[in-house]
Amino acid sequence: MKGYENMEKKKALIVFGTRPEALKMCPLVCEMKKSDKLETIVCVTEQHREMLHQVLEIFDVKPDYNLHIMQPGQTLFDVTTRILTGMKEVIEEVKPDVILVHGDTSTAFTAGLAGFYLQVPVAHVEAGLRTEKIYSPFPEEFNRQGIGLVASYHFAPTEKARQNLENEGKIADRIWVTGNTGIDALRYTVRDDFRHEVLDWAGDSRLIVLTAHRRENLGDSMRQMFRAIRRVAESHPDVKIVYPVHLNPAVRAVANEVLAGCDAIRLIEPLAAVEFHNLMAKSYLIMTDSGGIQEEAPSLGKPVLVMRDTTERPEGVAAGTLRLVGTEEETIFKACCELLDDPEAYRKMSVAANPYGDGYSSARIVEILENELAKDPKMRLRP
């Protein structure tokens, strides 16, 4: 095998398209660009647009390719077909040695599928998360399982994720436990001197940060979630709730229907990553149906009530940083009241150890890629 000093740089094509992906991939991009063994090429799909570019600016990441797939009213069919066609052209032009995708989005699945079709090794960052229920969350559970089928490199955030992959028959020496790159992002974004008008509005009140957007929660489930949250605000005078409302019109309609008009609840536009991370850091607790927040909030010492029936992050539940509360109004209301009214219950969740990483996952992934890509090319397509 040639020494590194005599080797050309290996081409690593990083593909992402949503804000959550960008938050977890941009720290990796920054780390990879430090490598003298890797040439880093960034392709974004714009599955999200405005929210994606907010994150790119924070990390000063400038994409080399942009598929511009976002269109009003796009469906999963639209997203998938446009990405697949666009990725074929990008891969054939770049000729990468590896394609890196993240997590469970339609961008990640379709870019991985394109890599498989063109027989380019795929590296899956945040591999091995599972609920084992193909429609929960939808379409994310299918997406991550599908990527796992074609990936040659599996970067699992936790030991549990590794076990999931091994249980599915993935080759053990193709799996590495690296921690989660989303924790790395907090080192770039959280600031002691952060100021925001929402914090001025909240004053000395205990601030609850709310997020909700999941497709499977649209309709009655989301209505019940929001009714519970309004009851919390109306029954606890020392509580304020801020909700950066997702851009999905269906989410906005229910939010306005149930939450508008309550003085203790602020409905605001989506926040940039720096603002949102710092708002979480200043909050009392988090209520969410999101995925990444389940990892980020525990790093900040914040209890998380997960308004879903399942989670692909059971490590947080086991560690005590997360609590699954489902989507029924009464269950959510009681769980939130317990954390507000019982200091010991709150303390136990806020001091639990975060199982998702130490902030240096990206450096581990870069080192692994440097070593693996130096090996015989025939070995890179091992499943």
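Higher on the page you've got the structure.
In this report, we go over the structure that sits alongside the text. (Residues numbered from 1 in each chain as written. Predicted model: local features only at pLDDT ≥ 70, side-chain atom pairs only at ≥ 80, totals over all residues. Heavy atoms only, no water.)

**Considering the nonpolar core**
Inference 1: Counting 38 residues, the largest nonpolar core has Ile-208, Leu-210, Phe-226, Tyr-243 and Met-287 as its most contacted members.
Inference 2: Taken together, the elements giving at least two residues each to this core come down to strand 8 (206-211), helix 9 (220-235), strand 9 (239-244), helix 10 (249-259), strand 11 (285-288), helix 14 (329-341) and helix 15 (343-350).
Inference 3: Setting aside residues up to four positions removed in sequence, Phe-226 forms contacts with Leu-210, Ala-212, Tyr-243, Val-251, Val-254, Ala-255, Val-258 and Leu-259.
Inference 4: Residues Ile-14, Val-61, Ala-123 and Val-366 belong to the second largest nonpolar core, which totals 33 residues. (Core = buried A, V, L, I, M, F, W, Y, C linked by side-chain atoms within 4.5 Å. Buried < 20%, exposed > 50% of the residue type's maximum accessible area, 1.4 Å probe, protein only. Helix = DSSP H or I, 4+ residues; strand = E, 2+ residues; numbered from the N terminus. Contact = heavy atoms within 4.5 Å.)

**Quick notes on the sheet that holds strand 9**
Inference 1: Across the sheet, which stays open at both edges, the 6 strands sit in the order 10-9-8-11-12-13 with parallel pairing between neighbours. The open sheet terminates on both sides in strands that have one partner only, identified here as strand 10 (265-268) and strand 13 (322-324). Neighbour-to-neighbour, the strand axes of this sheet turn through a mean angle of 20 degrees, independent of strand direction.
Inference 2: Pairing of strand 8 with strand 11, which is carried by 4 bridges, proceeds in the parallel orientation. Bridge pairing in strand 11 places Ile-208 opposite Leu-285.
Inference 3: Each of strand 8, strand 9 and strand 11 touches helix 11 (residues 273-282); the most contacted strand, strand 8, lies at about 135 degrees to it. (Pairing = 2+ DSSP bridges. Axes fitted to C-alpha atoms, helices over the stretch in contact; angles between N-to-C directions.)

**Some points on the packing of helix 1 (residues 19-32) against helix 16 (residues 361-373)**
Inference 1: Helix 16 packs onto helix 1 with a crossing angle of 55 degrees between their chain directions and a minimal axis gap of 9 Å. When the interaxial angle is binned, helix 1 and helix 16 end up oblique. Crossing hand, helix 1 versus helix 16: right-handed. Note on element contacts: helix 16 touches helix 1 through Ser-362, Ala-363, Ile-365, Val-366 and Leu-369, opposite Pro-27, Leu-28, Glu-31 and Met-32.
Inference 2: Per-class residue counts for the contact of helix 1 with helix 16 are 7 nonpolar, 1 polar and 1 charged. (Parallel < 35°, antiparallel > 145°, perpendicular 65-115°, else oblique. Left-handed = near helix turned anticlockwise from the far one by under 90°. Nonpolar A, V, L, I, M, F, W, Y, C, P; charged D, E, K, R; others polar.)

**Focus: a nonpolar patch on the surface**
Inference 1: On the surface, Ile-134, Tyr-135, Phe-138 and Phe-142 cluster together into a nonpolar patch covering about 420 Å² of accessible area.
Inference 2: By secondary structure assignment, the location of Ile-134 is in the loop between strand 5 (122-125) and helix 5 (140-150).
Inference 3: Classification of Ile-134 by relative accessible area gives partly exposed; the value is 39%. (Patch = residues over 30% accessible without salt bridge, like charges linked within 9 Å, V, L, I, M, F, W, Y side chains within 5 Å. Areas by Shrake-Rupley, 256 points an atom, 1.4 Å probe, with all protein chains shown as cover. Salt bridge = Lys/Arg side-chain N within 4 Å of Asp/Glu carboxyl O.)

**Let's talk about the packing of aromatic side chains**
Inference 1: Following the criterion strictly, the structure yields 8 aromatic pairs and no others.
Inference 2: Summarising the aromatic geometry, the rings of Phe-116 and Tyr-117 are spaced 6.2 Å apart at their centres and angled 45 degrees between planes, so their arrangement reads as tilted.
Inference 3: Given the relative accessible area of 54%, Tyr-117 is considered exposed.
Inference 4: With a centroid separation of 5.7 Å and an interplanar angle of 45 degrees, the aromatic rings of Phe-155 and Trp-176 are classed as tilted. Residue Phe-155 is found in strand 6 (residues 153-156), and its partner Trp-176 is found in strand 7 (residues 175-177); the two are separated by 21 residues along the sequence. Neither residue differs from the other here; Phe-155 and Trp-176 are each classed as buried. (Phe/Tyr/Trp six-rings, centres within 6.5 Å; stacked < 30°, edge-to-face > 60°.)

**Observations concerning helix 9**
Inference 1: Here helix 9 spans 22 Å end to end across 16 residues, near enough to the 22 Å set by a 1.5 Å rise per residue.
Inference 2: Buried residues of helix 9: Met-222, Gln-224, Met-225, Phe-226, Ala-228, Ile-229, Val-232 and Ala-233, and no others. (Expected span 1.5 Å × (residues − 1).)

**A few points about the layout of surface pockets**
Inference 1: Considering only enclosed or pocket space, the second largest pocket measures out at about 150 Å³ in volume.
Inference 2: Contributing to the lining of the second largest pocket are Leu-76, Phe-77, Thr-80, Ser-106, Phe-109, Pro-139, Phe-142 and Asn-143.
Inference 3: At the level of secondary structure, the elements contributing two or more residues to the lining of the second largest pocket comprise helix 3 (76-94), helix 4 (106-117) and helix 5.
Inference 4: A per-element tally of the lining of the second largest pocket places helix 3 first, with 3 residues. (1 Å grid on protein atoms, 1.4 Å probe; cavity = no way out; pocket = protein on both sides within 12 Å on 5 of 7 lines; lining within 4 Å. Points joined across faces, edges and corners; volume = space filled by probe spheres on them.)

**Some points on unusual backbone geometry**
Inference 1: Cis geometry is found at the peptide bond from Ser-136 to Pro-137, where omega equals -5 degrees.
Inference 2: Of note, the amide linkage connecting Phe-138 to Pro-139 takes the cis form, showing an omega dihedral of 0 degrees.
Inference 3: Along the polypeptide, Pro-139 turns up in the loop between strand 5 and helix 5.
Inference 4: Although it is not a glycine, His-68 sits at a positive phi angle of roughly 50 degrees.
Inference 5: Relative to the assigned elements, His-68 resides in the loop between strand 3 (65-66) and helix 3.
Inference 6: A positive phi angle, close to 55 degrees, is found at Gln-119, a residue other than glycine.
Inference 7: The topology assignment puts Gln-119 in the loop between helix 4 and strand 5.
Inference 8: Owing to a relative accessible area of 59%, Gln-119 belongs among the exposed residues under this scheme.

**Some details on the pattern of salt bridges**
Inference 1: On inspection of all chains with the given rule, the structure shows 32 salt bridges.
Inference 2: The partner of Glu-92 in a salt bridge is Lys-88, with the nearest N and O atoms 3.1 Å apart. Residue Glu-92 and its partner Lys-88 are located together in helix 3, separated by 4 residues, close to a single helical turn.
Inference 3: On the basis of relative accessibility, which here comes to 45%, the residue Lys-88 falls in the partly exposed class.
Inference 4: Among the salt bridges present, the one from Asp-358 reaches Arg-364, with a minimum N-O distance of 2.6 Å.

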